[in-house]
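Results of the structural survey
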Amino acid sequence: MASISMSSSSLTSHNNKHHSTRLHATATATAVAVPSNLSRQNLATSTSAPSISIRHITPTVKVRNQPKSALANMWREIQGASDWANLMEPLHPLLRAEIIRYGELVTACYKAFDLDPRSKRYLNCKFGKSRMMEETGLGHSGYTVTKYIYATPDIDMPTCCSRWIGYVAVTTDEKEIKRLGRRDIIVSFRGTVTSAEWVANFMSSLTPARFDPHNDRPDVKVESGFLSLYTSDDSSAKFTTGSCRNQLLSEIARLINKYKDEEISITLAGHSMGSSLATLLGYDLAELGLNRDASGRKIPITVYSFAGPRVGNLGFKERCEELGVKVLRVVNVNDPVTKLPGVFLNENFRSLGERFELPWSCSCYTHVGVELALNFFKMNNPACVHDLEAYLGLLKCPAQMAKIKTEGEDIFSKLKDFISKQGLDNAWRFEAAALQLGNLVQSLNI
């Protein structure tokens, strides 16, 4: 367990089969059919600029200047093969560099997303696939974008339509492949931006995922809003057809088949809502058995989750672990989004001691994976607690954060107080409650 904070770094280890591993100091979905061409066998973001802004920090971590063979020799460990044991405290330089690198691949989604209502590409990517990496400052990343991904929240809102959510890319530069030690397939997801997405984020009801057509696994439940974004289709979509899920499974299967005789890794990275989609995708791929190469070996699946909320229940967590899906959650302990959904019913409120599980334990949200906890907050700029660049800024230069003191009240306390005063039991519909909660978070510019 490791924590990077403004004042200290220390180690606390905690292992519990009913809890996600936490590295911390201080501080209506129906059965979803598998795409017809896929199977287990067929792989054919104030008044004053935050002092943690990446642009104003001279990074102390040089991602590119590691010895060429260092990462190639231990890439499986860096990708979580051993659940990042002995890499967290102190945070291993290679792991730190990889977290930053994948975080920047997610940042590219925000840079490329068109939010100008006057633009022909409104709510889509500003650039074509061949130009995106170059236009977002990642022209030398070694990756080539192969597909854009679109998602549609299945909710009754006039502004609800398909919008660009991220991209799939693969390493094509031979020097980068050699440095990484394998060919890497990356799927990168942006976080919540539109009001419809906020509604989907806070539906806060668990429903069975039902990804495997041969086994419903009713005990494996996920948040209905995230599932809606992942599985819903928009027949009127301008740039694509099919659900986010079908787009992703088809493209990843195509790439696996294309490079089936090579060493491959599957890396899924996202911020906020995007980390939830990344986690769902990781589980989906593993549940369907699509992460297999030509020899039948499992292709490792790693999720880098930045400021991510809870995705499912205990059954979902345990199934991800059983399937070998590795999740590294990078969180700020002052970020309210990482406490949602399940403000009240979560992994910390499932049992009395170690013996007695409460009746609602199966309806409790539970984090998945290993947590790397950061600690930063500025009262005059509360948006920084959820800002991806703030996360990466701290990781790039932790000494810089030691100069910033924690100020004011924990934002999450305010959020929790707000919810408890609303009488959600009998006063509001889920959508109305979601809108109010989303408005609160957006009022903080989160």
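- Identification of the chain as Phospholipase A1 EG1, chloroplastic/mitochondrial from Rhynchospora pubera is taken from an unreviewed UniProt entry.
- A UniProt comment under Subcellular location (unreviewed entry) is attached to the chain, and it reads "Plastid, Chloroplast".
- UniProt, in the comment section headed Catalytic activity (unreviewed entry), describes the chain in these words: "a 1,2-diacyl-sn-glycero-3-phosphocholine + H2O = a 2-acyl-sn-glycero-3-phosphocholine + a fatty acid + H(+)".

**Digging into the overall build of the chain**
- Looking only at helices and strands, the chain has 13 helices and 15 strands in total.
- The proportion of buried residues among the 446 residues of the chain is 57%.
- As displayed, the chain has an accessible area near 19,000 Å², and 50% of this comes from carbon and sulfur atoms.

**Here's the deal with the nonpolar core**
- Counting residues in hydrophobic clusters, the biggest one holds 52 residues, and the most contacted among them are Leu95, Ile99, Met132, Trp164, Tyr167, Tyr304 and Leu395.
- For this core, the element with the highest residue contribution is helix 2 (residues 93-112), accounting for 10 residues.
- Filtering out sequence-adjacent residues up to four positions away, Ile99 remains in contact with Tyr304, Phe306, Leu328, Val330, Leu372, Leu392 and Leu395.
- Judged by nonpolar contacts, the second largest core, of 46 residues, contains Phe211, Tyr259, Met273 and Leu280.

**Regarding the environment of His214**
- Tracing the chain through its elements places His214 in the loop between strand 6 (206-208) and strand 7 (221-223).
- Sequence separation of His214 and Leu288 is 74 residues, and the distance between their C-alpha atoms is 9.6 Å.

**Points about helix 7 (residues 244-258)**
- With 15 residues, helix 7 ought to run about 21 Å at 1.5 Å a step, and its terminal C-alpha atoms sit 21 Å apart, in line with that.
- Packed against the buried residues of helix 7 are strand 3 (143-151), strand 4 (163-171), strand 5 (183-189), helix 6 (224-231), strand 8 (264-271) and helix 8 (273-288).

**Re the environment of Tyr122**
- You can see Tyr122 is positioned in the loop between helix 2 and helix 3 (129-135).
- Linking Tyr122 and Arg163, residues 41 residues apart in sequence, is a C-alpha distance of 8.6 Å.
- Among all residues touching Tyr122, those that are not within four sequence positions of it are Asp114, Leu115, Asp116 and Pro117.

**Some thoughts on the pairing of strand 11 (residues 326-332)**
- The buried fraction of strand 11 amounts to 7 of the 7 residues, a majority that puts the element mostly inside the structure.
- Residues of strand 11 alternate between two faces, with Lys326, Leu328, Val330 and Asn332 on one and Val327, Arg329 and Val331 on the opposite face, all of them buried.
- One ladder, built from 5 bridges, connects strand 9 (residues 301-306) with strand 11; its direction is parallel. Residue pairing across strands places Thr302 opposite Lys326, the latter belonging to strand 11.
- Of the pairings in the sheet, the one linking strand 11 to strand 15 (residues 370-375) comprises 5 bridges and is parallel in character. The partner of Val331 across the bridge, within strand 15, is Ala373.

**Side note on helix 6**
- Counting buried residues along helix 6, 7 of its 8 residues qualify, which places the element largely inside the surrounding structure.
- Listed as buried for helix 6 are Ser224, Gly225, Phe226, Leu227, Ser228, Leu229 and Tyr230.
- Where helix 6 begins, the capping side chain belongs to Glu223, and its oxygen is found 2.8 Å from the backbone nitrogen of Gly225.

**As for the pattern of salt bridges**
- All told, the structure shown has 19 salt bridges when counted by the stated rule.
- Members of the salt-bridge network, linked through shared partners, are Arg76, Glu263, Asp293 and Arg297.

**Let's talk about the confidence of the model for the chain**
- Here the chain averages 76 in pLDDT, while 62% of its residues score no lower than 70.
- Across residues 401-416, confidence stays below pLDDT 50; counting only partners more than four residues off in sequence or on other chains, it has 41 contacts.
- Here residues 442-446 is a poorly scored stretch, pLDDT under 50, and it has 15 contacts once near neighbours within four places are set aside; other chains count.

**Re the packing of aromatic side chains**
- Taken as a whole and judged by the stated rule, the model has 7 aromatic pairs.
- For the pair Tyr283 and Phe316, a centre-to-centre distance of 5.3 Å together with 70° between the ring planes defines the contact as edge-to-face. One end of the pair, Tyr283, is in helix 8; the other, Phe316, is in helix 9 (residues 314-323), and 33 residues separate them in sequence. Taken individually, Tyr283 and Phe316 each receive the classification buried, so the pair is uniform in this respect.
- In textbook terms, an aromatic cluster arises when at least three aromatic residues are bridged by ring pairs, as seen for Phe211, Tyr230, Tyr283 and Phe316.
- Positioned above the aromatic ring of Tyr102 is the side chain of Arg101, whose terminal nitrogen or guanidinium carbon lies 4.5 Å from the ring centre.
- The ring of Tyr148 carries the charged tip of Lys129 above its face, separated from the ring centre by 6.0 Å.

**Remarks on unusual backbone geometry**
- Cis geometry marks the peptide bond from Glu89 to Pro90, where omega comes out at 0°.
- In this structure, Pro90 sits in the loop between helix 1 (68-78) and helix 2.
- Not every positive phi belongs to a glycine, and Asp83 is a case in point at roughly 55°.
- Tracing the chain through its elements places Asp83 in the loop between helix 1 and helix 2.
- Unlike most non-glycine residues, Leu123 shows phi in positive territory, near 65°.

**Considerations on the packing of helix 2 against helix 10 (residues 388-396)**
- At a minimum axis distance of 10 Å, the contact between helix 2 and helix 10 shows a crossing angle of 155°. As far as their axial angle goes, helix 10 and helix 2 are roughly antiparallel. Classified by chirality, the crossing of helix 10 by helix 2 is left-handed. Residue-level contacts link Arg96, Ile99, Ile100, Gly103, Glu104, Val106, Thr107 and Tyr110 of helix 2 to Leu388, Glu389, Leu392, Leu395 and Lys396 of helix 10.
- Taken together, the residues of the contact of helix 2 with helix 10 break down into 7 nonpolar, 2 polar and 4 charged.

**Considering the side chain of Glu223**
- Examined against the element boundaries, Glu223 turns out to sit in strand 7.
- Within polar-contact distance, the side chain of Glu223 engages the backbone nitrogen of Gly225 at 2.8 Å.

Conventions and cut-offs
Residues numbered from 1 in each chain as written. Predicted model: local features only at pLDDT ≥ 70, side-chain atom pairs only at ≥ 80, totals over all residues. Heavy atoms only, no water. UniProt positions renumbered as here; feature names shortened; annotations may be inferred. Helix = DSSP H or I, 4+ residues; strand = E, 2+ residues; numbered from the N terminus. Buried < 20%, exposed > 50% of the residue type's maximum accessible area, 1.4 Å probe, protein only. Areas by Shrake-Rupley, 256 points an atom, 1.4 Å probe, with all protein chains shown as cover. Core = buried A, V, L, I, M, F, W, Y, C linked by side-chain atoms within 4.5 Å. Contact = heavy atoms within 4.5 Å. Expected span 1.5 Å × (residues − 1). Pairing = 2+ DSSP bridges. Polar contact = N/O pair within 3.5 Å; in protein donor to acceptor, adjacent residues only side chain to side chain. Salt bridge = Lys/Arg side-chain N within 4 Å of Asp/Glu carboxyl O. pLDDT = per-residue confidence, 0-100. Phe/Tyr/Trp six-rings, centres within 6.5 Å; stacked < 30°, edge-to-face > 60°. Lys NZ or Arg CZ within 6 Å of the ring centre and 35° of its normal. Axes fitted to C-alpha atoms, helices over the stretch in contact; angles between N-to-C directions. Parallel < 35°, antiparallel > 145°, perpendicular 65-115°, else oblique. Left-handed = near helix turned anticlockwise from the far one by under 90°. Nonpolar A, V, L, I, M, F, W, Y, C, P; charged D, E, K, R; others polar.

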